[in-house]
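# Descriptive structure summary
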Amino acid sequence: MSPQADAEAKCQKIYREAQTFFDQIPHPRYYGFKILNAPPLFQPRVLFVGYQPAGGDNEFEWETARGSDKHWPPKCEYATENWKLAKQMRRMFEQKFLEQCVGTNAIFLRFPSVDDYKRTYNKNRREEIERFCLDRVDRIIEAIDPQKIVAIGFGTLKLFGASVNDITNEKMNEKRRTLTRKGKIANRTAIATLHLSGAHISNFDLNRIRDRILAR
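Notes on the structure follow. (Residues numbered from 1 in each chain as written. Predicted model: local features only at pLDDT ≥ 70, side-chain atom pairs only at ≥ 80, totals over all residues. Heavy atoms only, no water.)

## Some remarks on the layout of surface pockets
Of the volumes computed, that of the largest pocket is approximately 590 Å³. Together, 26 residues line the largest pocket, and Gln 52, Pro 53, Ala 54, Trp 83 and Leu 85 are the ones closest to its centre. Those elements that place two or more of their residues in the lining of the largest pocket are α2 (57-66), α3 (84-92) and β2 (102-105). Here the lining of the largest pocket is composed, by residue class, of 11 nonpolar, nine polar and six charged. Estimates place the volume of the second largest pocket at around 180 Å³. In this structure, the second largest pocket is lined by 13 residues; those nearest its centre are Gln 147, Lys 148, Ile 149, Thr 189 and Ile 191. Secondary structure elements with two or more residues in the lining of the second largest pocket: β3 (149-152), β6 (188-193) and α8 (203-214). No other element matches the four residues that β6 contributes to the lining of the second largest pocket. Its residues placed into classes, the lining of the second largest pocket shows seven nonpolar, two polar and four charged. (1 Å grid on protein atoms, 1.4 Å probe; cavity = no way out; pocket = protein on both sides within 12 Å on 5 of 7 lines; lining within 4 Å. Points joined across faces, edges and corners; volume = space filled by probe spheres on them. Helix = DSSP H or I, 4+ residues; strand = E, 2+ residues; numbered from the N terminus. Nonpolar A, V, L, I, M, F, W, Y, C, P; charged D, E, K, R; others polar.)

Pasting the structure below:
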């Protein structure tokens, strides 16, 4: 079996496990789940890790119709879709670069916001969900062996453990602001960015974040 076929087989097993796991979780509110927003390319340029899939009823219906809870899309959605984060990613990176990347989330359950997710489940239930999901993120990383790992949002990296400041803005007459932090995911170095669709970030700072991600 080729490394690519092996990566796909391991990720497909994770989809089956997630279907079983989430079927057993009581859902006061349920908007479905999503694991990958790109094919599980072996050794992609970057694995981007978000906090969780966003969206409510409309997104749930649309994603369910596409079978997103059963398999990954044919292309990296950062390169093709019109949601806010995808558009921002294309502003920062070339489309061809994004087609060589993979995206996933630390928490697979979809919610309109992180606050909605936290209000829906108590602490014990969230810890159960997070243990399941974070373990599978580790396994995805082991399967696809990404060249780099980038967490979108400092809160995402915090789910995996401690981190330290990495780079800050450098423009004169501006309050010092952390642009990236450094930590570990699956025992590998990972960089976290300010949330690229939620934070107000200047073009200058977006370029610094991009350059930090692309740096060797």
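Moving on from the model shown.
## A word on the packing of helix α1 (residues 3-23) against helix α6 (residues 123-144)
Close contact between α1 and α6 brings their axes to 9 Å; oriented N to C, the two are set at 170 degrees. With respect to α6, the axis of α1 lies roughly antiparallel. Contacts between α1 and α6 pair Ala 7, Lys 10, Cys 11, Lys 13, Ile 14, Glu 17, Ala 18, Phe 21 and Phe 22 from the former with Glu 128, Ile 129, Phe 132, Cys 133, Arg 136, Arg 139, Ile 140, Ala 143 and Ile 144 from the latter. The class makeup of the residues in the contact of α1 with α6 is 12 nonpolar, no polar and six charged. (Axes fitted to C-alpha atoms, helices over the stretch in contact; angles between N-to-C directions. Parallel < 35°, antiparallel > 145°, perpendicular 65-115°, else oblique. Contact = heavy atoms within 4.5 Å.)

The values are spatial; any link to function lies outside them.
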